Structures are given as structure tokens and as C-alpha cells.
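A look at the structure
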Amino acid sequence: MKTVKLQDIAQKAGVSVSTVIRVIHDSGYVSQEKRQRIEQVIQELGYKGPQKKSVGKENQRLIGLILPDEHNHFFYQNVTYECIYEAKKQGYYVLPVIGHLTNSEIIALVEALLDVGVNGIICTTFGEPCLSAQNQYFLQNCGVPLVFLERAGHGIRMNQVLADISEGMYSLVSYLLRLGHEKIAYLGFESGQDVEYERLVAIKNALKEFGKNPDDLVVVLKNEARVQDGYTAMLEALEAEPCLTSVICWSDIYAAGVMQYLHEIRKKVPKDISVIGFDNFIAHYLMPPLTTMENPVQEMLEAAFGLIREQQDPKRSGLSKKIFLTPKLVQRASAAPPDRLENMQDK
């Protein structure tokens, strides 16, 4: 017998999934006419709702991993590997599902995992600024522990394991200033998500804490996450400030584009300009090997599994935690003191 999903109810009743959730949980206004129509469809289809899972059974050693539809992104490849590795250590298997992590689709993704009997779900990178109250209520009561990993929307009162962007950027800015850099650029990705904006804010706050004027930071933001965007961002940054001595890149992908452009205009890294990336997935393949910031993905997955185990304890199942882990600086050969620079105006 086919399992009835919220989308089935919404489609037959001619309403949105969020409206169905409001009716099921009586958590918001729905007109009387729509409410009656939805309740009738629920009865006709025999919808039972998410079923609570009993824990500790041998056939329930399965963790669901929800990933965004970004198959070429190194971060999610690494998350998948580390999740499988951590699961193996703890006697679990992992079932990955891929989709658009938005308010309109997250419930269907979770329902698909509940249908196969997972006893925990890890959700990476929610793709909208806010998780709707209706969706949050559903996820909090879906019957299994759920953890958001790396980034989540505003106001989520659920388990989260996040990167401590402020601490990470502070250590990076401190490193550049200790080397003696004054003319710094940030080449960022304008995705509309808070985590990208937080990186820029954290860099400026760190500069301010060290007595520097954050307005002196050269900022170039791009709306795509490709190598060529790093290339054009570097071009624009040098047009804005020809005497730049260091560049902080949103990702190692951007750093690869930066290095391509600097090579073309015959500027050497780090002799002419120091370059720092973020991710540490391709950094060691670049030339020179890239100094970069690394998210502690392994530790983040360990923490996520720890939260799932805690939530499986009935005495603690109603509690939620937010855990911050600090990215670390991996020093290689792409950053050096600016006193090694020749006079750039003479070139």
C-alpha cells in the first residue's frame, strides 16, 4: 500500500504543503473552507502522519543524509564521505538523498527518509534565509532526531552543527596582519545566504579589533561560484586597488581563478600578492600550494552523530543544541610577508 505524503494531500486538496501542515498541527490560520477540504482529503487518503520510531532495534541502524543538488561541489562530496565514515565507526549505514533544500521541498525529502525507517537525519545547508514555522514544527515532531549541518535558516530552534565563522576569520585576519599586510581584498560569493554575508562581516570586525579601518578592505562580490568568477573578481580588485598585497577568497575555487589571472599578468604568488582560500579541497593541487581555511567537517559529523544519539534518549528528545566548531588555518606556500614584494609601482 502506498504511503500517503503531505504533497499528496496538498495536491488533491489544491493547497500548499505548508497549509496542510498548519491544519494537521493546528498551528496557524486556515480558512474554514480550506480546513474542511484538507481534513476530508486526509480522511479519504488515510494519512497517518510521521510515525515515532522505537530505537535500538537491529534493523534501524540507518541515518538519512539530505544534500543539496550541487554534485560538483567539493564540500558536499567531503560531507558525504565523512558521514559514511563516521556512521561506519558507530555501526550505522547512510542513505543520501538529493534535492532542493527549500521550504517547499524539505518536507518531501524528510518524508522519503521516514518511509524507509531512518532513525536520524542530517540536513546540510538549508537554502533559504528562514525555515517556516510550519515546517519547523513538522521537523521537530517527525519522530526521529534531525540535525542541520554547516548552515541553517534564521530562528531555527533545532539541533545545529555550524562553523564558527567569526573565530575562523579572526584567526585568518590575525595571520595576515602578523605577516604585515595592510592592503587586503576579499573576493566573495553573493548567494543571498547569511553564511556568506557573515564571512565579510567577520573579516571587517576582525580588522576593526586590530585597529584597522574596515572600510579600507577591498570587496568584490560575485553571484556565481566558478573558477572564472575568481578570475574576474581579481581583475576588478586590482582595478580598485593596484597595490593590493593579499587576497582572501571565498573558496579554493575562487583562489584557482585568482591564480590564473595573476599568472596571466605576470604577478607571482606570494612574491607579489598573497592568496588565501577557503575549503582545503583542491588547495594542495594548486601551484604554489594554497594557504586556506578548512571547515572541520570530520568533527562536525562526529558532533552531528552525537546529537542524534542524545536525541534518541526519550529523556532528552525535546532538547536542542547549537554547536559551533572553528575553521582552522592550513598554512602552505601562497602567503608571505609583503616585505618580500618589489615596488609594485615600478612594474
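Values in this document were obtained by computation on a predicted structure and should not be read as measured data.

Some remarks on the pairing of strand 6 (residues 184-189)
Of all six residues in strand 6, six are buried, a share of seventy percent or more. Neither face of strand 6 is open: one carries Ile-184, Tyr-186 and Gly-188, the other Ala-185, Leu-187 and Phe-189, and all of them are buried. Direction of pairing for strand 6 relative to strand 8 (residues 246-249): parallel, over a ladder of four bridges. Looking at the pairing, Tyr-186 lines up with Ile-248 of strand 8. Here strand 6 runs beside strand 7 (residues 218-222); their pairing, made up of five bridges, is parallel. The residue bridging Phe-189 from the neighbouring strand is Lys-222, located in strand 7. Crossover handedness for the path strand 6 to helix 8 (residues 194-209) to strand 7: right-handed.

Quick word on the nonpolar core
Counting residues in hydrophobic clusters, the biggest one holds 50 residues, and the most contacted among them are Leu-187, Met-234 and Val-275. Here the element with the most residues in this core is helix 10 (residues 252-264); it accounts for eight residues. Setting aside residues no more than four positions away along its own chain, Met-234 makes contact with Leu-187, Leu-244, Val-247, Val-258, Tyr-261, Leu-262 and Ile-273.

A short note on the pattern of salt bridges
Oppositely charged side chains are able to pair whenever their charged atoms sit close together. Scanning all chains against the criterion turns up 12 salt bridges. With a closest N to O distance of 3.1 Å, Lys-89 and Glu-86 form a salt bridge. Residue Lys-89 and its partner Glu-86 are located together in helix 4 (residues 74-89), separated by three residues, close to a single helical turn. The partner of Lys-212 in a salt bridge is Glu-182, with the nearest N and O atoms 3.0 Å apart. With Lys-212 in the loop between helix 8 and strand 7 and Glu-182 in the loop between helix 7 (165-179) and strand 6, this residue pair connects regions lying 30 residues apart in the sequence. For Lys-212, a relative accessible area of 30% corresponds to the partly exposed category. Here the salt bridges share partners, and the residues they tie into one network are Glu-86, Lys-89 and Glu-302.

Some details on helix 4
Given a rise of 1.5 Å per residue, 16 residues ought to cover 22 Å, and the 23 Å separating the end C-alpha atoms of helix 4 matches this to within 8%. Phe-75, Tyr-76, Val-79, Thr-80, Glu-82, Cys-83, Glu-86 and Ala-87 are the residues of helix 4 that are buried. Tucked inside the fold, the buried residues of helix 4 contact strand 1 (62-68), strand 2 (93-99), strand 3 (121-124), strand 4 (146-150) and helix 11 (297-311). The positive-phi residue at the C-terminal boundary of helix 4 is Gly-91, with phi of around 80 degrees.

What counts and what doesn't
Residues numbered from 1 in each chain as written. Predicted model: local features only at pLDDT ≥ 70, side-chain atom pairs only at ≥ 80, totals over all residues. Heavy atoms only, no water. Buried < 20%, exposed > 50% of the residue type's maximum accessible area, 1.4 Å probe, protein only. Helix = DSSP H or I, 4+ residues; strand = E, 2+ residues; numbered from the N terminus. Pairing = 2+ DSSP bridges. Right-handed = clockwise from strand over helix to strand, strands pointing away. Core = buried A, V, L, I, M, F, W, Y, C linked by side-chain atoms within 4.5 Å. Contact = heavy atoms within 4.5 Å. Salt bridge = Lys/Arg side-chain N within 4 Å of Asp/Glu carboxyl O. Expected span 1.5 Å × (residues − 1).

That is the geometry; function is a separate question.
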